[in-house]
Amino acid sequence: MIDRGHVEIIRSATFEGMADAHGFPTARYQRYYAMLSRHVKKMVCGFLYISEAGRAMHPGQAGMDSPAKIAAFRPITRAVHDNGAKIIAQIAHAGRQTNHARAEGVSARPSSYFGVRPKALSTAEVEGVIMDFARAAQFARAAGFDGVQLHAAHGYLIHQFMLRSVNDRTDAYAAPYLFLERVIAAVREGCGADFPLWVKISAGVDIESFSRADFLALIHTLDACRVDAIEVSYGTMDVALNIFRGAAPLRTILRFNPLMASKGLAWKLFRLPFEYARLKPFRPAYNLEAARLAQAQTTIPVYAVGGFQSGAEIAAANFKHISLCRPFICEPNFLKKLAANPAYVSKCIHCNLCAVMSDSDRPLRCYLGKQP
Ligand SMILES: Cc1cc2nc3c(=O)[nH]c(=O)nc-3n(C[C@H](O)[C@H](O)[C@H](O)COP(=O)(O)O)c2cc1C
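This structure is a prediction, so every number in the text was calculated from the model and none was measured.

Calculation rules
Residues numbered from 1 in each chain as written. Predicted model: local features only at pLDDT ≥ 70, side-chain atom pairs only at ≥ 80, totals over all residues. Helix = DSSP H or I, 4+ residues; strand = E, 2+ residues; numbered from the N terminus. Rg over C-alpha atoms; globule rule 2.2 N^0.38 Å. Buried ≥ 20, exposed ≤ 12 C-beta atoms within 10 Å, placed from the backbone. Contact = placed C-beta atoms within 7 Å. Core = buried A, V, L, I, M, F, W, Y, C linked by C-beta atoms within 7 Å. Near = placed C-beta within 6 Å. Nonpolar A, V, L, I, M, F, W, Y, C, P; charged D, E, K, R; others polar. Expected span 1.5 Å × (residues − 1). Axes fitted to C-alpha atoms, helices over the stretch in contact; angles between N-to-C directions. Parallel < 35°, antiparallel > 145°, perpendicular 65-115°, else oblique. Left-handed = near helix turned anticlockwise from the far one by under 90°. Pairing = 2+ DSSP bridges. Bend = angle between axes of the 7 residues up to and from the residue. Right-handed = clockwise from strand over helix to strand, strands pointing away.

Caption draft 1: Highlighting the overall build of the protein. When its secondary structure is counted, the protein shows 15 helices and eleven strands. By the compact-globule yardstick of 21 Å for 372 residues, the protein fits well, its C-alpha radius of gyration being 19 Å. The principal-axis extents of the C-alpha atoms in the protein amount to approximately 55 × 50 × 45 Å. Taking all 372 residues of the protein together, 49% fall into the buried category. Within the protein, contacts between residues separated by at least 24 positions form 73% of all contacts whose residues are at least 6 apart in sequence.

The following block contains the structure:
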């Protein structure tokens, strides 16, 4: 049994669905973080879009796309700091993984899930997006965030550059990690080396190909860039449930997911079972081996995320940095319960209704298996 005092447990990025139509955080957003920061001392906020074109499909997504956001986020970071906690801003560009007409991507290749054919970014436009990331990081710093996390996982734009089957470019950005390196350099230049810069990555994917050698090359790239932390997750939105693992609540997906409304009966009858066959079963700490492999390559702290739900699993992992999402949705005071009882098991049952409902216009909450 290892001493849990040596394990740092943080809250991983979790989409809130609590912003207005212009991406400004609402009073509810502020109340949520004021509450959460009483229980968790380090957290990453849900992904913030860096530009209108980079917005994801989710209604209620917050943005870090204009100077007006600085004042809007200040009360949130202040509330978190008043509770002695820290908050990192996760910044993202959805690329092809969205449903709006302005979608832009590394190439014109659509994602099988979203189906939208994005406009392929020109070289000059790619460089513009790099500057958008740098600007968003500067806004986040000015708003009082304690660092930024680049969302380079789950099939969003930075990740799209890394996937050979998506990145068919012939310019310099055909090199899978160049875009990420340039974004890191631009953020460092804009915010300074003392502003924590984290990167969230996916160790593997389901549809596109990303080998173990690719993953190692990515870790070596991040090591050379000397980022401040790496978080190891899995997958893309093409098989979104493999990011989370657990139940696949079909009734709720069919009712609330806007992409499903456009699918005909034939798709539902013949394609859906095929999609379900791709799903990976839930198992505890399902990204731990990949995180261990990453940590063996670098002295940069690596966070393992995915499937930690009990004190016993956290202790057995014998891993220094762990991040959790669903256990904190279910029980914001999960850590207090764990401190009182080292064998405590989260009440989260991986019904994944919280995740599926992110596609609706309803704000984040735990459903504990009860269909909305
Ligand atoms: C409702 C919900 C929202 C999420 N939002 C984000 C997000 O904004 N950015 C991100 O990188 N990951 C997001 N994730 C993924 C989690 O950060 C985490 O990688 C995943 O849920 C596995 O961790 P867990 O088993 O502790 O839940 C979200 C997950 C859920 C369930």
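Caption draft 2: The arrangement of the nonpolar core in detail. Membership of the largest hydrophobic core comes to 113 residues, with the highest contact counts inside it found for Leu48, Ile91, Phe133, Ala140, Val148 and Val232. Considering each element in turn, this core owes the most residues, nine residues, to helix H3 (residues 123–142). Setting aside residues up to four positions removed in sequence, valine 232 forms contacts with Ile201, Ala203, Asn287, Ala290, Ala291, Ala294, Val302, Tyr303, Ala304 and Val305.

Caption draft 3: Looking closely at the site of the ligand. Near the ligand, the surroundings consist of 26 residues, among which Ser12, Ala13, Phe15, Cys325 and Arg326 are the closest. Listing elements by their share of the shell around the ligand, those giving two or more residues are strand E1 (8–14), helix H7 (241–244), helix H13 (326–330) and helix H15 (353–356). For the shell around the ligand, the element with the most residues is E1, which contributes three residues. When the residues that make up the shell around the ligand are grouped by side-chain class, the tally is 14 nonpolar, ten polar and two charged.

Caption draft 4: Expanded view of helix H5 (residues 178–191). Here H5 is 14 residues long and its end C-alpha atoms lie 20 Å apart, about the 20 Å a rise of 1.5 Å per residue gives. In this structure, the buried residues of H5 make contact with H3, strand E7 (148–152), helix H4 (157–162), strand E8 (197–202) and helix H6 (212–225). Immediately downstream of H5, the backbone of glycine 192 shows phi near 90°, a positive value.

Caption draft 5: Region of interest: the environment of alanine 140. Relative to the helices and strands, alanine 140 is located in helix H3. When the 30 C-beta atoms within 10 Å are taken as the criterion, alanine 140 is described as buried. Residues alanine 140 and isoleucine 70 lie 70 residues apart in sequence; the distance between their C-alpha atoms is 6.8 Å. With residues near it in sequence (within four places) discarded, alanine 140 still touches Met64, Ala89, Ile91, Phe145 and Val148.

Caption draft 6: The packing of helix H1 (residues 27–36) against helix H2 (residues 68–82), seen in detail. Relative orientation of the contacting elements H1 and H2 amounts to 15°, with a least axis distance of 8 Å. On the basis of the axis angle, H1 is roughly parallel to H2. For the element pair H1 and H2, the recorded crossing hand is right-handed. Seen from H1, the contacting residues are Tyr29, Gln30, Tyr33 and Ala34; seen from H2, they are Pro75, Ile76, Ala79 and Val80. Its residues assigned to classes, the contact of H1 with H2 comprises seven nonpolar, one polar and no charged.

Caption draft 7: Here's a closer look at unusual backbone geometry. A positive phi angle is found at asparagine 318, which is not glycine, with a value near 50°. Of note, asparagine 318 is situated in the loop between helix H12 (311–317) and strand E11 (321–324). Classification of asparagine 318 by C-beta neighbours within 10 Å gives exposed; the count is 12. Residues other than glycine seldom take positive phi values, yet leucine 368 does so here, at roughly 45°. Of note, leucine 368 is situated in the segment after H15.

Caption draft 8: Broad picture of the pairing of E7. Of all five residues in E7, five are buried; the element is thus mostly enclosed. Neither face of E7 is left uncovered, since the one carrying Val148, Leu150 and Ala152 and the one carrying Gln149 and His151 both have all their residues buried. Pairing of strand E4 (residues 86–92) with E7 involves three bridges; the strand directions are parallel. Considered in E7, the bridge of alanine 89 is made with valine 148. Bridging between E7 and E8 involves five bridges; their strand directions are parallel.

Caption draft 9: Up close: helix H10 (residues 265–277). The terminal C-alpha atoms of H10 lie 18 Å apart, and with 13 residues this matches the ideal 18 Å at 1.5 Å per residue to within 8%. Taking the largest bend as the criterion, H10 deviates by roughly 40°, centred on arginine 271, and proline proline 273 comes between one and four positions later. H10 sits mainly on the outside: zero of its 13 residues count as buried.

Caption draft 10: Examining the packing of H3 against H5 more closely. Contact geometry of H3 with H5 gives a least axis separation of 8 Å together with a crossing angle of 40°. Relative to H5, the element H3 is oriented oblique. The interaxial crossing formed by H3 with H5 has right-handed handedness. Residues Val126, Ile130, Met131, Phe133, Ala134, Ala137, Gln138 and Arg141 of H3 lie in contact with H5, whose contacting residues are Phe179, Arg182, Val183, Ala186, Val187, Glu189, Gly190 and Cys191.

Caption draft 11: Molecular detail of the pairing of strand E9 (residues 229–233). E9 sits mainly inside the fold: five of its five residues count as buried. Note: E8 against E9, five bridges, orientation parallel. If you follow valine 199 over to E9, its bridge partner there is isoleucine 230. Taken together, E8, H6 and E9 form a β-α-β motif whose crossover is right-handed. Bridge count for E9 against strand E10 (residues 302–305) is three bridges, and the pairing is parallel. Pairing of valine 232 across the sheet is with alanine 304, part of E10.

Function cannot be inferred from these measures alone, as they are strictly geometric.
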